[in-house]
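Observations on the model geometry
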Amino acid sequence: EEFDLQQFTKLQTNKPKVEDLKWCGHLEEYDTTYDSTTSKNSKMLKRCENKMFYNVTTTDDPIIETYATEEAGNVYATDAILAHL
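Below is a short write-up of the structure.

Rules behind the numbers
- Per-chain numbering applies: the sequence of each chain, read as written, is numbered from 1 onward.
- The predicted nature of this model means local features are confined to residues of pLDDT at least 70 and side-chain atom pairs, given and counted, to a pLDDT of 80 or more, with totals for whole chains, interfaces and linings taken over all residues.
- As a rule here, side-chain values cover all heavy atoms of the structure and leave hydrogens and water aside.
- Numbering of helices and strands starts at the N terminus; helices are DSSP runs of H or I of at least 4 residues and strands are runs of E of at least 2.
- With C-alpha atoms as the basis for the radius of gyration, the globule rule is written as 2.2 Å multiplied by the number of residues raised to the power 0.38.
- Whether a residue is buried, partly exposed or exposed follows from its accessible area with a 1.4 Å probe, protein chains only, as a fraction of its type maximum: under 20%, in between, or over 50%, in that order.
- Accessibility throughout is a Shrake-Rupley quantity obtained with a 1.4 Å probe, and a residue counts as covered only by protein chains that appear here.
- In this tally, Lys and Arg are treated as positive and Asp and Glu as negative; His is ignored, and so are the chain termini.
- All charge positions are set by atom: Lys at NZ, Arg at CZ, Asp at CG, Glu at CD.
- Exposure above 30% relative accessible area and no salt bridge define the residues that can form patches, which grow by joining like charges within 9 Å and nonpolar side chains of Val, Leu, Ile, Met, Phe, Trp and Tyr within 5 Å.
- Salt bridges are counted wherever a side-chain nitrogen of Lys or Arg sits within 4 Å of a carboxyl oxygen of Asp or Glu.
- We call Phe, Tyr and Trp rings a pair once their centres come within 6.5 Å, taking the six-membered ring for Trp, and we label the pair stacked below 30 degrees between planes, edge-to-face above 60, and tilted otherwise.
- Definition used: whenever NZ (Lys) or CZ (Arg) falls within 6 Å of the ring centre and also within 35 degrees of the ring normal, the charge is taken to sit over that ring.
- Should any heavy atoms of two residues lie within 4.5 Å, those residues are counted as being in contact.
- Under this definition, polar contacts are N or O atom pairs within 3.5 Å; protein pairs additionally need one hydrogen-donor-capable and one acceptor-capable atom, and for neighbouring residues in sequence, both atoms have to be side-chain atoms.

A tally of regular secondary structure across the protein gives three helices and zero strands. Since a compact globule built from 85 residues should have a radius of gyration of about 12 Å, the 20 Å found for the protein marks it as more spread out than a globular shape. The C-alpha extent of the protein, read off along each of the three principal axes, is 45 × 45 × 25 Å. The burial tally for the protein puts 5% of its 85 residues in the buried class. Per element, the accessible surface of the protein, about 9300 Å² overall, is 53% carbon and sulfur. With 9 positive and 16 negative side-chain charges, the protein shows a separation of 11 Å between the mean positions of the two kinds.

Shown next as structure tokens:
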């Protein structure tokens, strides 16, 4: 079955009310000069030697496990999962 794209643009829905349960960590400011990098206009990447990287899956995350047992929400995700979406 085919759908006309114009039919979808007319559809509207109410946004659900969402709440962040906890923010962990922080993000550094993004360097926008990387957006304009080309083969003629190169820019060296910097090493992140003073950063700690933790690769924890959603099922192994202790904070998400706590919220899941308390049923404090119904959707849980780590930064890696959100990056894939």
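What follows deals with a nonpolar patch on the surface. On the surface, Phe-3, Leu-5, Phe-8 and Leu-11 cluster together to form a nonpolar patch covering roughly 490 Å² of accessible area. As for its position among the elements, Leu-11 is in the loop between α1 (5-10) and α2 (62-70).

To continue, consider the pattern of salt bridges. Under the criterion given, the structure shown has two salt bridges. Asp-31 serves as the salt-bridge partner of Lys-43, at 2.7 Å between the closest nitrogen and oxygen. Remark: Asp-31 occurs in the loop between α1 and α2 and Lys-43 occurs in the loop between α1 and α2; sequence separation between them is 12 residues. Exposure remark for Asp-31: the relative accessible area of 27% places this residue in the partly exposed category. Residue Glu-49 pairs with Arg-47 through a salt bridge whose shortest N-O separation is 3.2 Å. Comparing Glu-49 with Arg-47, the two get one shared label, exposed.

This structure, assessed with the given rule, holds zero aromatic pairs. Taking NZ or CZ as reference, Lys-43 lies 4.9 Å from the ring centre of Tyr-34, over its face.

Further remarks concern the side chain of Thr-78. Its place among the elements puts Thr-78 in the loop between α2 and α3 (79-84). Beyond its immediate stretch of four places on either side in the chain, Thr-78 contacts Val-56, Thr-57, Thr-58, Asp-61 and Ile-64.

So, about α2. Each α-helix turn comprises 3.6 residues. Residues three or four places apart therefore point the same way. A distance of 2.9 Å separates the backbone nitrogen of Ile-63 from a side-chain oxygen at the start of α2, and that oxygen is part of Asp-61. Glu-71 occupies a position one or two residues after α2 and carries a positive phi of about 55°.

Purely geometric stuff here, so don't read any function into it on its own.
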